[in-house]
Amino acid sequence: MTPRRPLSTVTLLALSLITTAGIAAQGCGDKGGYRGGKKSKARQWLDEPSGGEKSGNKFIFSQLDLVFEVPDTLYVFKNCDELGHSPEGEDKWVPILACASGGASADPDGVGEPAADADAIALTFYLAPKGRPIDERAVAYYNNAYKESGLKVEELAFNDDYFYKTGIYAKLQVMDESGTNAVREIQQFMWPVNDVVFIARMEYPYGDSRAIVQDWKAIMPYFKTAADDKPAQ
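The rules behind these values
Residues numbered from 1 in each chain as written. Predicted model: local features only at pLDDT ≥ 70, side-chain atom pairs only at ≥ 80, totals over all residues. Heavy atoms only, no water. Helix = DSSP H or I, 4+ residues; strand = E, 2+ residues; numbered from the N terminus. Buried < 20%, exposed > 50% of the residue type's maximum accessible area, 1.4 Å probe, protein only. Contact = heavy atoms within 4.5 Å. Areas by Shrake-Rupley, 256 points an atom, 1.4 Å probe, with all protein chains shown as cover. Polar contact = N/O pair within 3.5 Å; in protein donor to acceptor, adjacent residues only side chain to side chain. Disulfide = S-S within 2.5 Å. Phe/Tyr/Trp six-rings, centres within 6.5 Å; stacked < 30°, edge-to-face > 60°. 1 Å grid on protein atoms, 1.4 Å probe; cavity = no way out; pocket = protein on both sides within 12 Å on 5 of 7 lines; lining within 4 Å. Points joined across faces, edges and corners; volume = space filled by probe spheres on them. Nonpolar A, V, L, I, M, F, W, Y, C, P; charged D, E, K, R; others polar. Pairing = 2+ DSSP bridges. Axes fitted to C-alpha atoms, helices over the stretch in contact; angles between N-to-C directions. Arc of directions from axis to C-beta.

(A) Spotlight on the overall build of the chain. Counting its regular elements, the chain contains 4 helices and 11 strands. A burial count over the chain gives 46% of its 233 residues as buried. Within the chain, residue pairs in contact and separated by at least 24 positions form 59% of the contacts whose partners lie at least 6 positions apart. When the accessible area of the chain is evaluated, it comes to approximately 11200 Å², of which 46% is carbon and sulfur surface.

What follows is the structure in structure tokens.
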């Protein structure tokens, strides 16, 4: 699988703002879940991540109540695979799996040659501990937090039925040193399940013309947890 592009400091900060604010002091054993409660199986998985199972085109993580079925048609993120579950960044986000490009991809109609120097990019799914409610009232908090971290907020909204999930969608831009020109764009959706938060995230060069959004829409419905059709918690 094509290696994912390392997250930059500013985007790691943006990602860390998602869940860590307000995390209570961690206990021991099965305590230390959301607001000091008992840890769910998914939260325990974060402490000791284990590999999933692959059956045909499906990835199954029983402890996370998670099944991901690779869509039949993908234009950019064609290489889907489980990742090593080493925590990333200061706040120890744990990658689950990703669908990556090979560095270039033809357009959806198969017309034209892919650019040889196109960046290798990926749509990555993470799991993180839940530190604060992720609901409609939280949008203002995240709007301020992203701006303070230096990101431009293009779109930010709570959605109670986003590919069968309830959470917050964001489209963010990484700016150049002058702060006036976007150089990269981030598309991200986060949704809570008990005491954890799942995060779908992709970062790509600003203005990238590949079929990135089409693949996002194709992949998201096939990443399913048992709680995806339940109200946010």
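(B) A look at the side chain of Arg-201. Its place among the elements puts Arg-201 in strand S10 (residues 196–205). Of the residues examined, Arg-201 reaches a relative accessible area of 4% and is grouped as buried. Engagement of the side chain of Arg-201 in a polar contact is seen with the side chain of Glu-203, the distance being 3.0 Å.

(C) Quick look at the state of the cysteines. This structure, assessed with the given rule, holds 1 disulfide. Two residues share a disulfide in this structure: Cys-80 and Cys-99, whose sulfurs sit 2.0 Å from each other. Here Cys-80 and Cys-99 share a disulfide; its torsion about the S-S bond, 110°, makes the bridge right-handed. On the criterion of sequence distance, the pair formed by Cys-80 in strand S4 (residues 79–82) and Cys-99 in strand S5 (residues 94–100) is long-range, its members being 19 residues apart. Across the pair, Cys-99 and Cys-80 agree in class, each one buried.

(D) Structural context of the packing of aromatic side chains. Summed over all chains, the structure comprises 14 aromatic pairs. Where Phe-68 meets Phe-125, the ring centres are 6.2 Å apart and the plane angle is 45°; that geometry is what we call tilted. With a gap of 57 residues between them, Phe-68 in strand S3 (residues 66–69) and Phe-125 in strand S6 (residues 122–129) connect regions that are remote in the sequence. Each member of the pair, Phe-68 as well as Phe-125, is classed as buried.

(E) Spatial organisation of the layout of surface pockets. The space that makes up the largest pocket amounts to roughly 190 Å³. Ala-42, Leu-64, Asp-65, Val-193 and Asn-194 are the residues nearest the centre of the largest pocket, which is lined by 13 residues in total. Counting only elements with at least two residues in the lining of the largest pocket, the list comes to helix H2 (41–47) and S10. Tallied by class, residues from the lining of the largest pocket come to 7 nonpolar, 3 polar and 3 charged.

(F) Geometry of the sheet that holds S5. Pairing in this open sheet of 7 strands is antiparallel, and the strands run S4-S5-S6-S10-S9-S8-S7 from one edge to the other. Because the sheet does not close on itself, it has two edges, and the strands there are S4 and strand S7 (151–162). Going across the sheet, the axis of each strand differs from the next one's by a mean of 20°, ignoring polarity. Sitting on the sheet, helix H3 (residues 139–148) touches S7, strand S8 (165–175) and strand S9 (182–193), and the angle it makes with S7 is about 155°. Each of S5, S6, S7, S8, S9 and S10 touches helix H4 (residues 212–219); the most contacted strand, S10, lies at about 160° to it.

(G) Quick look at the side chain of Arg-43. With respect to the helices and strands, the residue Arg-43 is situated in helix H2. Of the polar contacts made by the side chain of Arg-43, one reaches the side chain of Asp-47; its length is 2.9 Å.

(H) Inspection of H3 at higher detail. Three or more residues of H3 are buried, namely Val-139, Tyr-142, Ala-145 and Tyr-146. Projected down its long axis, H3 carries its buried residues within an arc of 125°, all on one side. Just downstream of H3 lies Gly-150, where phi reads positive at about 100°.

(I) Region of the structure containing the sheet that holds strand S1 (residues 53–55). As summarised here, the arrangement of the 4 strands in space is S1-S2-S3-S11, forming an open sheet in which the pairing is antiparallel. Looking at strand neighbours, the two that pair on one side only are S1 and strand S11 (223–225), the edges of this open sheet. Between one strand and the next, the sheet's axes are offset by a mean angle of 20°, whatever the strand orientation. Alignment of S1 against strand S2 (residues 58–61), held across 3 bridges, turns out to be antiparallel. Across the sheet, Lys-54 pairs through a bridge with Phe-59, a residue of S2.

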